[in-house]
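One-letter residues, chain by chain:
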Amino acid sequence: MSVLVNKKTKVVVQGITGGEGTFHCSQMLQYGTNVVAGVTPGKGGTEYSGKGEDMFTRPVPVFNTVKDAVDATGADASVIFVPAPFAADAIIEAADAGIHVIVCITEGIPTKDMIRAYDFVQKKNSQGGNVRFIGPNCPGIITPDECKIGIMPGFIHKKGRVGVISRSGTLTYEAVAQTTALGLGQSTCIGIGGDPVIGTRFIDAMKLFNEDPNTDAILMIGEIGGSAEEEAAYYVKKNVKKPVIGFIAGRTAPPGRRMGHAGAIIAGGKGTAEEKLAVMRSCGIITVESPADLGITVKNALDKKAKKTAPKKTVKKSAKPAPKKAEAKKPVKKAAVKKSVKKAPAKKKTTAKK
Amino acid sequence: MKLHEYQAKELLQKYGVAIQGGVPIKSMDHFDNAVETLKANGVNQIVVKSQIHAGGRGKGTVYHKHNRNEVAVEGGVKFFGDNFEKAKDYAGKVLGNILVTHQTGAEGKEVQTLFIAEGLDYKKELYLGILLDRTNSKNVIMASIEGGVEIETVAEETPEKIIKIWVDPGTGLEDFQARQLAFGLGLEGAAYKDFLKFIKNLYTAYEGLDASMIEVNPMIITNDDKIMALDAKVTLDDNATFRHKDFEELRDLNEEDPLEVEASKFNLNYIKLDGNVGCMVNGAGLAMGTMDLIKLAGGSPANFLDVGGTANPTTVENGFRIILSDPNVKAILINVFGGIVRCDRVANGVVQAAKNIDIRVPVVVRLQGTNAVEAREILDNSGLNLISADTLADAAQKVNMALQMAEQNSGEEVIETVEIVEITETESAVNLN
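Residues numbered from 1 in each chain as written. Chains lettered and ligands numbered in written order. Predicted model: local features only at pLDDT ≥ 70, side-chain atom pairs only at ≥ 80, totals over all residues. Heavy atoms only, no water.

Asker: What should I look at first to understand the overall build of chain A in this one?
Answerer: Looking only at helices and strands, chain A features 11 helices and 14 strands. Looking at chain A residue by residue over its 354 residues, the buried ones come to 60%. Taking the intrachain contacts of chain A between residues at least 6 apart in sequence as the baseline, contacts between residues at least 24 apart amount to 74%. (Helix = DSSP H or I, 4+ residues; strand = E, 2+ residues; numbered from the N terminus. Buried < 20%, exposed > 50% of the residue type's maximum accessible area, 1.4 Å probe, protein only. Contact = heavy atoms within 4.5 Å.)

Following this line, the structure appears as C-alpha cells:
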C-alpha cells in the first residue's frame, strides 16, 4: 500500500514531446513508471520514443487530447510539463477527461489561472468526481520502486514507511536522501509545490498519510508564508497518532521579500517560521531546527514510538496491525542508534553493531 | 512587482476607477508645469506626495541625502490647500532626499518622484482591499470603516470592523455582494450608488491587470458624496508578465537593490541580506534551508541565491561575481543537491568559475546526488581554495571553520588551499547507492 500512486497507476504525460516532457518521461520510464500515453495537440496517432540523449526505453503512443488518451489507454494519472501560459488549461483538461491524479510540474503559472483551475477541480469533486490535483511548481509524487510521477531523482528513494510532504523540491530530496541513508525509506513522497494556490495542501496530504496503514511516521517540510502548515498542525493534534516531524525553511528570511517561491513571503508579520514552529510544537509535532537533522529526527521519533508502544502492547488490546510491525523491528535498532546518533553510518549495519 | 501610487492610479483609471488625480514629476523644473496642468483642470488646492515603494509616508521623515543625520523636512506627504508657493518649497526639500518611514527601515528610500495631486475635501475615510485568500484559493474583498489606518492594526484590535466577501472564480463579483459591502460600510444615497460602480470597476481592474493585491487606503467619500481612491497600492503578479509586456516599463529599478537587479539579468534569483556568509544553492526551499543552516553554524547569511535546476558553469560564475561584490562576505557555501544534474559537471563548473574569478574567501562546496564522489575529487584536486563537504551537517561545520579561518587571515594574502578531505562519518556518509 501507498498513497495515491502505485505500480498499477497508468500515467499520461501532457506535453510529452517538449524538452522537459521528453527528458522526464525518459527518466520515469527508466524508473519503471507505467507511462501509457502522451498528449501533444496535433501529434495524435503517432508514437514517440524520445529524442537526442533522452531516448525512451519503449515507444509511447501520442494523442491529441487527454480524453482520447484516457479512452484508448485507461490512463488514470497525468503529469503536466506544459509551459506556464497553457498549464491551467492542461489541468482543467485532465480533470475534465476523468483523470484521478493530476500532477502539474510547471512553474510560473499566473495566480489568476490557478484560481480558475483549482475551482474547476473543486467543482468537479463536489459533483462526485474523484480528482486529486498536486502542484503546480512541484517535483511531483513518488512511491519508491513502484511509480515516479515527476522530476525527482529516483535513485535517492527507498521503499519504506516514512511519508514525506513538502513545499520545496531540492529540500525534499535532501530529506529523502537523509532518511534513505539511515535505512528508513519512504512510503510515498508528495511535493505539494511552493505556489500560493496549490491543489493539495499540507492538510490534504496529511490526511492521506494518516489513513495509510503502511506509513509509520510523517515528515512535513514547510516554509515561510501562508498558514497551511498551521492548518495541518491543528489537524494533526486532533487526528494523527503517528509521529509527525516538521521543519520550516526560512527562519532567516527577511519580511516582505519573496524568497524564490511565489508563496514564500512573510506578509504583514504573518507567516514567519517561528510562528509556524510554535503552532506545530503546540500541536505535538516534533520540530527540527537544522535541515541537517531531518533524517535523524525521524529515526529518533520512530525509535521512541517503538519503545513506547512495546510495553503498552501487552496492556492495551487495541494495537493495530501497523504499529505492531514497527514494534517488531524498531526496538532492535534503537540501542545502536542511541549510542551513535552523530556518526551512525546507518544502513542495516547499525543493527549488527548491537 | 510593486508599483508607485501614481502608476497604480494611472492603471486603475483606465478601468474607470475614480481616483485622486495628479501629475508625477522627477525634477523640480517640472513643478510649475504640473501645477498649471492641475489648475487648468479646475484644481485649486494641492497635495505633494512622495513616491516610494513603502507605506507610512505621511508620518515619515525626510533626511538630507548627503547628510543622513540632518532632517530636511517632516512628513513625506503634505496638504497645502491653495498655497502653491509653500508646496513648491516643500517639494524642493523632499525630491532627491531620503524618506524614512516605519516600513523602509532606517536606511530609508530616495524620493525620485513626487506626485503633485489635487487636494480634496472629504467627509470620511474608508478601507478597501482585494487579494488572494490562500486558505480557500479565492479572491477576497476586504472593506472597513476604519480607513487611513493599517488594516493589520484593525484586524488585530477590532476585527469585527472588517467585512469580507469571497468572489466565486466561476461567476465573478456579483451585484448582491457589492451591495453587501456597501451596506456593511454604512453607505447611503449617492455615495452608496457610486460605491457599487467603484467596486465593480476595481474588481475588474484587479482581474484585468493580473494584480496580486490592490489596496485603496483610504477610499474616501468626498463632500459631494463621490467615492474616490485617495491612495492606491497595486502589486502585480510576476508570473503574469507574459500577458502584459507593457508592464515592464513600470518596474522601478531604483527601488531595488543594485545587486539584485544585476542578478536578475543573469536569471539568478538573488536577494541581498546583511550577513557574512554568501551562499549559492539550487532550489528555493533548499536555499532558505541553507541560510538557516549558516545561522546555526554561527554565521549569518549574506544572501538568498537560487541558481535554479541546472547549476552550469556560467550561472555559477555569475553567482560568484554577484556574491563577491558584497564586501561583507567572509566565506561562501555552495550547496547543490544534484538530483538529476550530475555533480561532477557542477564541480567542473565551480572549478572553472573559481579559476576565472579572484576568490579571496574560503569556499565550502557541498555537492550531493549523482556522481558526488567524483565531484569531491575534482574539487579537492583543483588546487583552488575550495573546501569540499559531504553532508549538510558537515557543510555547516566547515562553514564555521571557514569563518574562523577568514577571521585569522583577515588582512593577509589569499589563503592556501585547505585540505579537509576526510569524509566524516555523519549520517549520509553512507553512499546513497
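Asker: When you look at the overall build of chain B in this model, what are you seeing that I'm missing?
Answerer: A tally of helices and strands in chain B yields 12 helices and 20 strands. Split into buried and exposed, the 433 residues of chain B put 55% on the buried side. Across chain B, the fraction of contacts at a sequence separation of at least 24, relative to all contacts at a separation of at least 6, is 69%. Taken as two groups, the 42 positive and 64 negative side-chain charges of chain B have centres that lie 5 Å from each other. (Lys, Arg positive; Asp, Glu negative; His and termini not counted. Charge placed at Lys NZ, Arg CZ, Asp CG, Glu CD.)

Asker: Looking at this structure, I do not really get the nonpolar core. What am I missing?
Answerer: Side chains of a nonpolar character, in soluble globular proteins, are inclined to be buried together. Val79(A), Val103(A), Ile149(A), Met206(A) and Met259(A) are the most contacted members of the largest nonpolar core, which totals 101 residues. Apart from residues lying up to four places away in sequence, Val79(A) is in contact with Val11(A), Val12(A), Val13(A), Gln14(A), Met28(A), Val103(A), Ile105(A), Ile149(A) and Gly150(A). Formed by 42 residues, the second largest nonpolar core is a distinct cluster that contains Leu3(B), Leu12(B), Leu173(B) and Ala178(B). (Core = buried A, V, L, I, M, F, W, Y, C linked by side-chain atoms within 4.5 Å.)

Asker: Help me understand the packing of aromatic side chains, please; the structure alone is not making it clear to me.
Answerer: Geometry of an aromatic ring pair is reported as the spacing of the ring centres plus the angle between the planes. Residue and element names in this part refer to chain B. Enumeration according to the criterion identifies six aromatic pairs over all chains in this entry. Considering the side-chain rings of Tyr 203 and Tyr 206, the 5.9 Å spacing of their centres and the 25° angle between planes classify their relative orientation as stacked. Of this pair, Tyr 203 and Tyr 206 both sit in helix 6 (residues 189–208), three residues apart, which is roughly one turn of the helix. Each of the two residues, Tyr 203 as well as Tyr 206, counts as buried. (Phe/Tyr/Trp six-rings, centres within 6.5 Å; stacked < 30°, edge-to-face > 60°.)

Asker: Would you mind showing me how to read the interface of chain B and chain A here?
Answerer: A common measure of how large an interface is: the accessible area buried when the components associate. Opposite the 52 residues of chain B that make contact, chain A presents 65 residues. Seen at the junction of chain B and chain A, the total is four salt bridges. For the salt bridge of Asp113(A) with Arg243(B), the shortest nitrogen-to-oxygen distance reads 2.9 Å. Along the contact surface separating chain B from chain A lie 11 residue pairs in polar contact (both at pLDDT 80 or more). (Salt bridge = Lys/Arg side-chain N within 4 Å of Asp/Glu carboxyl O. Polar contact = N/O pair within 3.5 Å; in protein donor to acceptor, adjacent residues only side chain to side chain.)

Asker: Quick question: what am I supposed to make of the pairing of strand 12 (residues 211–222) of chain B here?
Answerer: Looking along a regular strand, one sees the side chains alternate between the two faces of the sheet. All names here are of chain B. Summarising burial for strand 12: 10 of the 12 residues are buried, a large majority. Pairing analysis gives eight bridges linking strand 9 (residues 122–133) to strand 12, with the strands arranged antiparallel. Pairing of Gly 129 across the sheet is with Glu 215, part of strand 12. As judged from the four bridges shared by strand 12 and strand 14 (residues 233–236), these two strands associate in the antiparallel manner. Looking across to strand 14, one finds that Ala 211 is bridged to Leu 236. Summarising the sheet, strand 12 and strand 13 (residues 227–229) pair through three bridges and their orientation is antiparallel. What sits directly across from Ile 220, in strand 13, is Met 228. With antiparallel pairing between neighbouring strands as the criterion, strand 12 and strand 13 make up a hairpin whose turn holds four residues, including Asp 225 at a positive phi of roughly 65°. (Pairing = 2+ DSSP bridges.)

Asker: In this structure, what is going on with helix 1 (residues 5–14) of chain B? I would like to understand it.
Answerer: Each full turn of the α-helix corresponds to 3.6 residues, which orients residues three or four apart in the same direction. Residue and element names in this part refer to chain B. When you tally the buried positions in helix 1, you get seven out of 10 residues, the bulk of the element. Inspection of helix 1 places Glu 5, Tyr 6, Gln 7, Ala 8, Lys 9, Leu 11 and Leu 12 among the buried residues, and these make up the whole buried set. Gly 16 sits one or two residues past helix 1 and shows a positive phi near 80°.

Asker: Where do I start with the state of the cysteines in this structure?
Answerer: What makes a disulfide is a covalent bond joining the sulfur atoms belonging to two cysteines. Taken as a whole and judged by the stated rule, the model has zero disulfides over all chains. With no disulfide of its own, Cys104(A) lies 7.2 Å from the sulfur of Cys138(A), the closest cysteine sulfur. (Disulfide = S-S within 2.5 Å.)

Asker: How do you make sense of the sheet that holds strand 10 (residues 159–166) of chain A when you look at a structure like this?
Answerer: Hydrogen bonds between backbone groups are what pair the strands of a sheet, and the pairing can be parallel or antiparallel. All names here are of chain A. Taken in spatial order, the seven strands line up as 9-8-11-10-12-13-14 in an open sheet, and their pairing is mixed. Two strands close off the open sheet at either side, each with one partner strand: strand 9 (147–150) and strand 14 (286–287). In terms of strand pairing, strand 8 (residues 140–143) meets strand 9 through four bridges, oriented antiparallel. Paired with Gly 140 across the two strands is Gly 150, which belongs to strand 9. The sheet strands contacting helix 7 (residues 228–239) are strand 12 (217–223) and strand 13 (244–249), and the helix crosses strand 12 at an angle near 155°. (Axes fitted to C-alpha atoms, helices over the stretch in contact; angles between N-to-C directions.)

Asker: Would you explain the pattern of salt bridges in this entry?
Answerer: For side chains of opposite charge, pairing can occur when their charged atoms come near one another. Counted according to the given criterion, the structure contains 37 salt bridges over all chains. For Lys161(B), the salt bridge identified is with Glu146(B), shortest N-O distance 3.1 Å. Remark: Glu146(B) occurs in the loop between strand 10 (138–144) and helix 4 (151–157) and Lys161(B) occurs in the loop between helix 4 and strand 11 (162–167); sequence separation between them is 15 residues. Residue Lys161(B) is classed as partly exposed on the basis of its relative accessible area, which comes to 29%. With a relative accessible area of 27%, Glu146(B) lands in the partly exposed category. In this structure, Lys233(B) and Glu215(B) form a salt bridge, with 3.7 Å as the shortest nitrogen-oxygen distance. Taken together, the residues span a long stretch of sequence, with Lys233(B) in strand 14 and Glu215(B) in strand 12 at a distance of 18 residues. A residue is classified by how much of its surface remains accessible, and Lys233(B), at 32% relative accessible area, is partly exposed. One salt-bridge network, in which partners are shared between bridges, spans Arg167(A), Glu223(A), Glu229(A), Glu230(A) and Lys276(A).

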